[in-house]
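Observations on the three-dimensional arrangement
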Amino acid sequence: MRGRVGRTRPARREGHPCGACLSATHAKIPDVSNQHRPTGQPTTNTATHDSAFLRACRREEVPHTPVWFMRQAGRSLPEYLKVREGVPMLESCTRPELITEITMQPVRRHKVDAAVYFSDIVVPLRAIGIDLDIKPGVGPVIADPVRTRADLDRLRPLTPDDVPYVTEAVGLLTAELGATPLIGFAGAPFTLASYLIEGGPSRTYERTKAMMYGEPDLWSDLVDRLAAITGAFLKVQIEAGASAVQLFDSWAGALAPDDYRRYVMPASSKVFAEAAPYGVPRIHFGVGTGELLGLMGEAGADVVGVDWRVPLDEAARRVGPGKALQGNLDPAVLFAPREAVEAKAAAALEAASGLEGHVFNLGHGVMPATDPDALTRLVEFVHERTAR
Ligand SMILES: Cc1c2[nH]c(c1CCC(=O)O)Cc1[nH]c(c(CCC(=O)O)c1C)Cc1[nH]c(c(CCC(=O)O)c1C)Cc1[nH]c(c(C)c1CCC(=O)O)C2
């Protein structure tokens, strides 16, 4: 069950002070947690390395099933609404102290096993000069959609100098988080392309699919540019100290497997390959991706995110050996009474009991009207129920 995946160790590992990482038990995913901090001060961070979250991602034994929630930062937390007062969403993503505070809030309140960096999937696009905004209740809106070859010129490569606030915020965060790992993230090429082409959120992705099927060369150049931007953005977060990364291909479930394999997977694989040398766990998530789970693992993920439509034991069969799974409570269940939430959570844990590695999460992001106390209770429940 617990076979090695035998990844090669990156050259950067040399001199890593955590001797333990070189031991056989840690060899599956060479961990370089936090050695790239901007201070240049390598920290051992054995505690982070040995956290339940990173152990589960590496498919090692855990003291309890680790829990975090997609979209745990922000949303309905009163302390979030307070610090965000009068600050537009995208501006809040460029202020290191504010990013740090918002990222820490759910860690303090819910005692989750990992923090997720407060940002948005469109932040790197904004950083290279794309004119866009995040409209409350709507989502990202692009001023001039990308639809022609000439439009591609606006998608220039991203460098660390485009996002100095990310490096600074991740540095502040890893110092404050102590043993709790920080998850960096980015939007996957398909999901970003869908916003750029449609100009905003879409249910049908008609223009996106029209380009994909009708102008496959233009499509492939577009997703390649996005792969480079996304890969560079993840690298900034890892180099600054993120201990894991998640690639959100939220809307990939709109595609049939053959189309995903042909038009999307090569670009997403390039993103994962960029992160591979660092040895941090790479998580791959999308909604309604039951038919794509195997391919999403194959794209280069160490952990595959699963929504609530496929039970975790069935998901494990679809993904195959050598990967951990993350998921998969329906976020709408949190609106039901406590007993119902706990029964559903217990069923998910039961389905996960034979997995090589399991990170408990929702099947999609926390919904804005969710009672924060329901989330705190859920963390406690999972921890108590799975304590070894
Ligand atoms: C598709 C997508 C987006 N953004 C993201 C995704 C992928 C995850 C998913 O599938 O849900 C990812 C994201 N966006 C945000 C985070 C923060 C970290 C976290 O808590 O997980 C993360 C991980 C902050 C945010 N991103 C957004 C907010 C709300 C901003 C506000 O209220 O001002 C936050 C806190 C806005 C946003 N940005 C986006 C949407 C659809 C929305 C919601 C619009 C709305 O309902 O108001 C694009």
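Every value quoted in this text rests on a predicted model; they were computed, and no experiment measured them.

Looking at the overall build of the protein chain
Looking only at helices and strands, the protein chain features 15 helices and 9 strands. Considering the protein chain as a whole, with its 388 residues, one finds that 59% of them fall into the buried category. Per element, the accessible surface of the protein chain, about 15200 Å² overall, is 52% carbon and sulfur.

A look at the site of the ligand
Taken together, 25 residues sit near the ligand, with Arg71, Ala73, Asp120, Ser250 and His364 positioned nearest. Here Ala73 contributes a backbone N or O atom positioned 2.7 Å from an oxygen atom of the ligand. Take Ser250: an N or O atom from its side chain is 2.5 Å from an oxygen atom of the ligand. Protein contacts shield 87% of the accessible area of the ligand, which totals 870 Å² for the unbound molecule. Counting only elements with at least two residues in the shell around the ligand, the list comes to α3 (78–84) and β3 (139–142). For the shell around the ligand, the per-class residue count stands at 16 nonpolar, 6 polar and 3 charged.

Some remarks on the UniProt feature "domain: Uroporphyrinogen decarboxylase (URO-D)" (unreviewed entry) in the protein chain
The positions that UniProt labels "domain: Uroporphyrinogen decarboxylase (URO-D)" (unreviewed entry) are, in the present scheme, residues 66–75 and 183–199. Segment residues 66–75 splits into 0% helix and 0% strand. End C-alpha atoms: 21 Å apart. The span residues 183–199 is 59% helix and 29% strand, and its two end C-alpha atoms sit 28 Å from each other.

Re the layout of surface pockets
One number sums up the size of the largest pocket: a volume of about 1300 Å³. Taken together, 45 residues line the largest pocket, and the ones lying closest to its centre are Arg71, Arg75, Asp120, Gly139 and Pro140. Those elements that place two or more of their residues in the lining of the largest pocket are α3, β2 (132–135), β3 and α8 (189–198). Among the elements that line the lining of the largest pocket, the one with the most residues is α3, at 3 residues. Here the lining of the largest pocket is built from residues that sort into 27 nonpolar, 11 polar and 7 charged. The volume enclosed by the second largest pocket comes to roughly 330 Å³. Around the second largest pocket, the lining comprises 19 residues; the ones closest to its centre are Thr65, Ala352, Ser353, His358 and Arg388. Only α14 (338–351) and α15 (372–386) provide two or more residues apiece to the lining of the second largest pocket.

What counts and what doesn't
Residues numbered from 1 in each chain as written. Predicted model: local features only at pLDDT ≥ 70, side-chain atom pairs only at ≥ 80, totals over all residues. Heavy atoms only, no water. Helix = DSSP H or I, 4+ residues; strand = E, 2+ residues; numbered from the N terminus. Buried < 20%, exposed > 50% of the residue type's maximum accessible area, 1.4 Å probe, protein only. Areas by Shrake-Rupley, 256 points an atom, 1.4 Å probe, with all protein chains shown as cover. Near = heavy atom within 4 Å. Polar contact = N/O pair within 3.5 Å; in protein donor to acceptor, adjacent residues only side chain to side chain. Nonpolar A, V, L, I, M, F, W, Y, C, P; charged D, E, K, R; others polar. UniProt positions renumbered as here; feature names shortened; annotations may be inferred. 1 Å grid on protein atoms, 1.4 Å probe; cavity = no way out; pocket = protein on both sides within 12 Å on 5 of 7 lines; lining within 4 Å. Points joined across faces, edges and corners; volume = space filled by probe spheres on them.

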